Amino acid sequence: MPEENKNNEMKVVEDLTQSEYKWGFVTDIEEEEFPIGLNEEIIRKISAKKEEPEWMTEWRLKAFRYWKTMEEPHWGKVKFPKIDYQALRYFAAPKQKPQYESLDEVDPELLETFEKLGIPLEEQKVLAGVAVDAVFDSVSVATTFQETLAEKGIIFCPISEAIKNYPDLVKKYMGSVVPYTDNYYAALNSAVFSDGSFAYIPKGVRCPMELSTYFRINAINTGQFERTLIIADDDSYVSYLEGCTAPMRDENQLHAAVVELIALENAEIKYSTVQNWYPGDKDGKGGIYNLVTKRGACRGNNSKISWTQVETGSAVTWKYPGCILQGDNSVGEFYSVAVTNNHQQADTGTKMIHIGKNTKSTIISKGISAGKSDNSYRGLVKVTKNATGARNFSQCDSMLMGNQCGAHTFPYLEIDNDTAIVEHEATTSKVSEDQIFYLNQRGIATEDAVNMIVNGFCKEVFKELPMEFAVEAQKLLAISLEGSVG
Amino acid sequence: MIEIKNLHANVEGKEILQGINLKVNAGEIHAIMGPNGSGKSTLANVLAGHEGYEVTEGSVSFNGKDLLDMAPEDRAREGLFLAFQYPVEIPGISNATFLQTALNEIRKYNGQPELSPKEFLDLIKEKSEILNMDSSLLSRAVNQGFSGGEKKRNEILQMLTINPKLAILDETDSGLDIDALKIVSQGVNAFRSDDNAVIVVTHYQRLLDYIVPDFVHVLFHGKIIKSGNKDLALELEEKGYDWLTKGSLETQNV
Ligand SMILES: Nc1ncnc2c1ncn2[C@@H]1O[C@H](COP(=O)(O)OP(=O)(O)OP(=O)(O)O)[C@@H](O)[C@H]1O
Ligand SMILES: [Mg+2]
């Protein structure tokens, strides 16, 4: 390739890496904040503020005491300055009354924020079939369509309400998939979690609409610690969508969520995430640290959990949605697209733990790296001794844009049963100049050509997303790779 | 339509095109022949705007505009089409989606309304019937797993759908079986009109039985060393290139 041409390619890649974050606006409403720092008193205050029962307060405190004994993990292929946990604020809520009878009562500026984010909060929009539980910083401000869902016996509400109204379900399941002893961030979350979503689908019910949560981190120096718990009882089905955005800020913000899914006999949970948190600017300043523990337990026979994620944001992503396949014939799936650009770092993948007989897992991971970013896939497939007939298929594809970025694949296999069939395929490719030229020659500009090629690369994952989310994901991908070419 | 004057181009510092002169008018078909490595694909790529080739001298005017000044996608939108010698694969993007995007981009540029999905579908159905093309190829990823012949046919389908002003066909006949060659030639002949022009690059006289050229040019070492009418192709078929390349490099301009 001639020098000039190489320079051209570099230029395209550099331009592509200079898109601006479109959701970077700060909502100017009064927030109620706790003082900075973390101690037992703060935890009691969070718990009291949320009018939690004593058992919940105690659980938080136990988690906190455990967390204090732990060391922050550093095994991921991500580098970031040490987080000063005492310099963070652990609670921020819009200073408004916490309960709303209807959307009319919600702060108009807050609604405007959701509007800007394109969240279909208003009832008409919701009629499109999405029930939204919106988390603004730490408190749920609006939950729509609860009534329609209630008719079917489906519970969909902020987890803070579930703690008060459905303590038996919460006590039984919270921490049963991700115990607070699980890891550093899970322990921290268990101690200080602010809010999140709770869903329970009763026996034999097919949830008639997609359930959805949008997260947004707004206040300065607020760590956000959602806690989500979804339980699909026997023979039920639910599809859950999680979308995230955060405003642009110079300093890094921490996000350490915990998501627990439980699928009982013959139940199926589909959990889809589109995450476009602020990735930091092109010099690597600011951005969200997304350190999340997501895990699903296929408790019942013939149950199924699938995770689909499209990760385009955050400065640092550390995330391994996994499935514990306990029930016989249970199925776990992981479909992931992770895009990193500029100085973003992602270390993401999955854990599939085969315990029941004839359990099956599928892993499809697509990593796209541009700019100076680093993108790692880390996946564990574990087949325990009694998991006769376990099957796994993993495919990890990486696409590189330019030559300053990195892609890494770390597959871990722990197979303790001879009957297991485990397949792993991995590829690394580049967006080829010939492909771009071919599309150019058909009237398609370079930027659109790159988007098309990248979309094609991600197709197997996008097709797992609900329709409107897939469209959203394609747009996001375009935005995170866009620039002023030419 | 297109006028190429004294065109020189380099690849990695090596001069491949060494002064090409060629004028093609609307309604004409020109054939370019010449031994392997003589620069035929290079010429096609340079005209289409491939950034791997550096134009060092010369000019190209395309319908009155400076072609060399345009981005590759704008050349396409202005009506220049290249059927590639080696069409590339685009995994995950269906042939139909790709072609629809291409067509609508070109229409938008020319101030025409985009085609609705229905209109587009009718259009490609009509065109793929001309080429006897299996409709399953439309829903498959662009060129992925296509046989050599299917790829070539797919290039011609794109040409018929986009309906360019100037089509350059780079060895579209290679890899086609005898029946496919006839069908593809029929497609090209159906495309022909007084308003467009075709440049066919080929090694074989056989294609020119079906697509009858008005002019035949011989490219050698980056220069057109001989031009003539369709009989020149027959002569080449019979005698090869030696008699031309060994003797004086006399150029017969058209
Ligand atoms: N990208 C490139 N890098 C290096 N050399 C190149 C490149 N493209 C073309 N060339 C060289 O330029 C010369 C002309 O190649 P070109 O492909 O134009 O020939 P052609 O006439 O189309 O041949 P064929 O009949 O075999 O298709 C060859 O020597 C080829 O190796
Ligand atoms: Mg060639």
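Residues numbered from 1 in each chain as written. Chains lettered and ligands numbered in written order. Predicted model: local features only at pLDDT ≥ 70, side-chain atom pairs only at ≥ 80, totals over all residues. Heavy atoms only, no water.

Enquirer: Got a sec to walk through the site of ligand 1? Specific residues and values, please.
Expert: All names here are of chain B. What surrounds ligand 1 is a group of 15 residues, the closest being Gly37, Lys40, Ser41, Thr42 and His203. A distance of 3.3 Å is found between a nitrogen atom of ligand 1 and a side-chain nitrogen or oxygen belonging to Tyr53. Between Gln85 and ligand 1, the recorded distance is 3.2 Å, taken from a side-chain N or O atom to an oxygen atom. Taking 630 Å² as the accessible area of ligand 1 by itself, protein coverage stands at 65%. Elements with a contribution of two residues or more to the shell around ligand 1: β2 (14–24) and α1 (40–48). When residues in the shell around ligand 1 are grouped by element, the largest group, 3 residues, is from α1. (Near = heavy atom within 4 Å. Polar contact = N/O pair within 3.5 Å; in protein donor to acceptor, adjacent residues only side chain to side chain. Areas by Shrake-Rupley, 256 points an atom, 1.4 Å probe, with all protein chains shown as cover. Helix = DSSP H or I, 4+ residues; strand = E, 2+ residues; numbered from the N terminus.)

Enquirer: Report on the sheet that holds β2(B), specifying residues and quantitative values.
Expert: Residues and elements named next belong to chain B. Reading across the sheet, the 4 strands line up as β2-β1-β4-β5 and stay open at both edges, with antiparallel pairing between neighbours. Looking at strand neighbours, the two that pair on one side only are β2 and β5 (65–66), the edges of this open sheet. Note: strand β1 (residues 2–11) against strand β4 (residues 54–62), 7 bridges, orientation antiparallel. The residue of β4 that forms the bridge with Glu3 is Ser61. Contacting β1, β2 and β4, α1 runs over the sheet at an angle of about 105° to β1. (Pairing = 2+ DSSP bridges. Contact = heavy atoms within 4.5 Å. Axes fitted to C-alpha atoms, helices over the stretch in contact; angles between N-to-C directions.)

Enquirer: Describe helix α7 (residues 178–191) of chain B, naming the residues involved and giving the relevant values.
Expert: Residues and elements named next belong to chain B. Its 14 residues place the ends of α7 20 Å apart at the C-alpha level, agreeing with the 20 Å of an ideal helix rising 1.5 Å per residue. Inspection of α7 places Ala180, Leu181, Ile183, Val184, Ser185, Gly187, Val188 and Phe191 among the buried residues, and these make up the whole buried set. The distance from a side-chain oxygen at the start of α7 to the backbone nitrogen of Asp179 is 3.0 Å, and the residue carrying that oxygen is Asp177. (Expected span 1.5 Å × (residues − 1). Buried < 20%, exposed > 50% of the residue type's maximum accessible area, 1.4 Å probe, protein only.)

Enquirer: I'd like to hear about the packing of aromatic side chains, residue by residue, with values.
Expert: All told, the structure shown has 12 aromatic pairs over all chains when counted by the stated rule. A ring pair is formed by A:Tyr184 and A:Tyr185, whose centres lie 5.5 Å apart and whose planes are at 90°; its orientation type is edge-to-face. A relative accessible area of 9% places A:Tyr184 in the buried class. Ring centres 5.7 Å apart and planes at 85° place the aromatic pair A:Phe437 and B:Phe84 in the edge-to-face group. Here B:Phe84 lies in the loop between β6 (80–83) and β7 (90–94) and A:Phe437 lies in helix α10 (residues 433–440), a pairing that spans two chains. Here B:Phe84 falls in the buried class, since its relative accessible area comes to 9%. Directly above the ring of A:Phe193 sits A:Arg227, whose terminal nitrogen or CZ lies 6.0 Å from the centroid. The ring of A:Phe410 carries A:Arg378 above its face, with NZ or CZ at 4.6 Å from the centroid. (Phe/Tyr/Trp six-rings, centres within 6.5 Å; stacked < 30°, edge-to-face > 60°. Lys NZ or Arg CZ within 6 Å of the ring centre and 35° of its normal.)

Enquirer: Summarise the interface of chain A and chain B; cite the residues concerned and give the values.
Expert: At the junction of the two partners, chain A supplies 25 residues and chain B supplies 35 residues. A combined buried area of about 2,300 Å² lies between chain A and chain B, and 63% of that area is made up of carbon and sulfur atoms. It is A:Phe437, A:Tyr438 and A:Arg442 in chain A that bury the most area against chain B; as a group they hold 33% of the surface buried on that side. At the boundary of chain A with chain B, the tally comes to 1 salt bridge. Across the pair A:Arg442 and B:Glu155 runs a salt bridge, and its minimum N-O distance is 2.7 Å. (Buried area = accessible area lost by both parts, 1.4 Å probe. Salt bridge = Lys/Arg side-chain N within 4 Å of Asp/Glu carboxyl O.)

Enquirer: Account for the pairing of strand β16 (residues 322–325) of chain A, naming residues and giving values.
Expert: All names here are of chain A. Of the two faces of β16, the one lined by Gly322 and Ile324 and the one lined by Cys323 and Leu325 are each fully buried. Here strand β13 (residues 287–298) pairs with β16 via 4 bridges, running parallel. For Arg295, the partnering residue across the bridge sits in β16 and is Gly322.

Enquirer: Just give me the short version of the packing of helix α3 (residues 95–109) of chain B against helix α6 (residues 148–162) of chain B, but keep the residues and values in it.
Expert: Packed helix pairs are characterised by how far apart their axes lie and by the angle those axes make with each other. All names here are of chain B. Packing of α3 against α6 brings their axes to within 10 Å, and their N-to-C directions diverge by 35°. For the pair α3 and α6, the crossing hand works out as right-handed. Within the contact between the two elements, α3 uses Asn95, Phe98, Leu99, Ala102, Leu103 and Ile106 and α6 uses Asn154, Leu157, Gln158, Thr161 and Ile162. Counted by class, the contact of α3 with α6 contains 7 nonpolar, 4 polar and no charged residues. (Left-handed = near helix turned anticlockwise from the far one by under 90°. Nonpolar A, V, L, I, M, F, W, Y, C, P; charged D, E, K, R; others polar.)

Enquirer: Tell me about the pattern of salt bridges, residues and numbers included.
Expert: Residue and element names in this part refer to chain B. Across all of its chains, the model carries 26 salt bridges over all chains by this definition. The residue Asp74 makes a salt bridge to Arg77 at a minimum N-O spacing of 3.1 Å. A residue pair is termed a helical-turn pair when its members lie 3 or 4 positions apart in one helix, as Asp74 and Arg77 do in helix α2 (residues 72–77) at 3 residues. Owing to a relative accessible area of 22%, Asp74 belongs among the partly exposed residues under this scheme. A relative accessible area of 12% means that Arg77 is categorised as buried.

Enquirer: Lay out the coordination of the magnesium ion (ligand 2) in plain terms, naming residues and giving numbers.
Expert: Residues and elements named next belong to chain B. Those protein atoms acting as donors to the magnesium ion (ligand 2) are Ser41 (OG) and Gln85 (OE1), and they sit at 2.0 to 2.2 Å. With Ser41 in helix α1 and Gln85 in the loop between β6 and β7, this pair connects stretches of sequence that are 44 residues apart. Assessed through its relative accessible area of 22%, Ser41 is described here as partly exposed. (Donors = N, O, S within 2.8 Å, 3.2 Å for Na, K, Ca; no water.)

Enquirer: Go over the packing of α3(B) against helix α4 (residues 117–130) of chain B, please, and point to the residues and values.
Expert: All names here are of chain B. Orientation of α3 relative to α4, taken along the N-to-C sense of each, is 110°, at an axis distance of 11 Å. Classified by the interaxial angle, the pair formed by α3 and α4 is roughly perpendicular. For the pair α3 and α4, the contacting residues are Ala96, Leu99, Gln100 and Leu103 in the first and Pro117, Phe120, Leu123 and Ile124 in the second. Of the residues in the contact of α3 with α4, the class split is 7 nonpolar, 1 polar and no charged. (Parallel < 35°, antiparallel > 145°, perpendicular 65-115°, else oblique.)

Enquirer: Any details on the environment of A:Ile353? Residues and values, ideally.
Expert: Residue and element names in this part refer to chain A. The topology assignment puts Ile353 in strand β18 (residues 345–354). On the basis of relative accessibility, which here comes to 17%, the residue Ile353 falls in the buried class. As a C-alpha pair, Ile353 and Glu58 span 295 residues in sequence and 30 Å in three-dimensional space. In contact with Ile353, not counting residues within four places along its chain, are Cys323, Ile324, Leu325, Leu380 and Lys382.

Enquirer: Describe the sheet that holds strand β11 (residues 215–220) of chain B, listing the residues and the values that go with them.
Expert: All names here are of chain B. An order of β6-β9-β10-β3-β11-β12 is seen for the 6 strands of this open sheet, with the pairing classed as mixed. Strands with a single pairing partner mark the edges of an open sheet, and in this sheet they are β6 and β12 (223–228). Between one strand and the next, the sheet's axes are offset by a mean angle of 20°, whatever the strand orientation. Pairing geometry for strand β3 (residues 29–33) and strand β10 (residues 197–201), over 4 bridges, is parallel. By the bridge assignment, Ile32 is partnered in β10 with Val201. Of the strands in this sheet, β3, β6, β9 (166–170), β10 and β11 are in contact with α1, which crosses β6 at around 145°. Packed on one face of the sheet, α6 meets β6 and β9 and runs near 165° to β6.

Enquirer: Describe the side chain of A:Lys366, naming the residues involved and giving the relevant values.
Expert: Counting through the fold element by element, A:Lys366 comes out in strand β19 (residues 360–369). Separated by 2.7 Å, the side chains of A:Lys366 and A:Glu460 make a polar contact.

Enquirer: How would you explain α4(B) if you had to name every residue and give the values?
Expert: Residue and element names in this part refer to chain B. Between its first and last C-alpha, α4 extends 20 Å over 14 residues, near the 20 Å set by a 1.5 Å rise per residue. Here α4 has its buried residues at Phe120, Leu123, Ile124, Lys127 and Ser128. Each buried residue of α4 lies within a common arc of 125° when the element is viewed along its axis, so the set occupies one face. Across from the buried face of α4, at angles greater than 90 degrees, the exposed residues are Lys118, Lys125 and Glu129. Those residues of α4 that are buried are in contact with α3, α5 (136–139) and α6. Once α4 ends, the next one or two residues include Asn132, with phi positive near 55°. (Arc of directions from axis to C-beta.)

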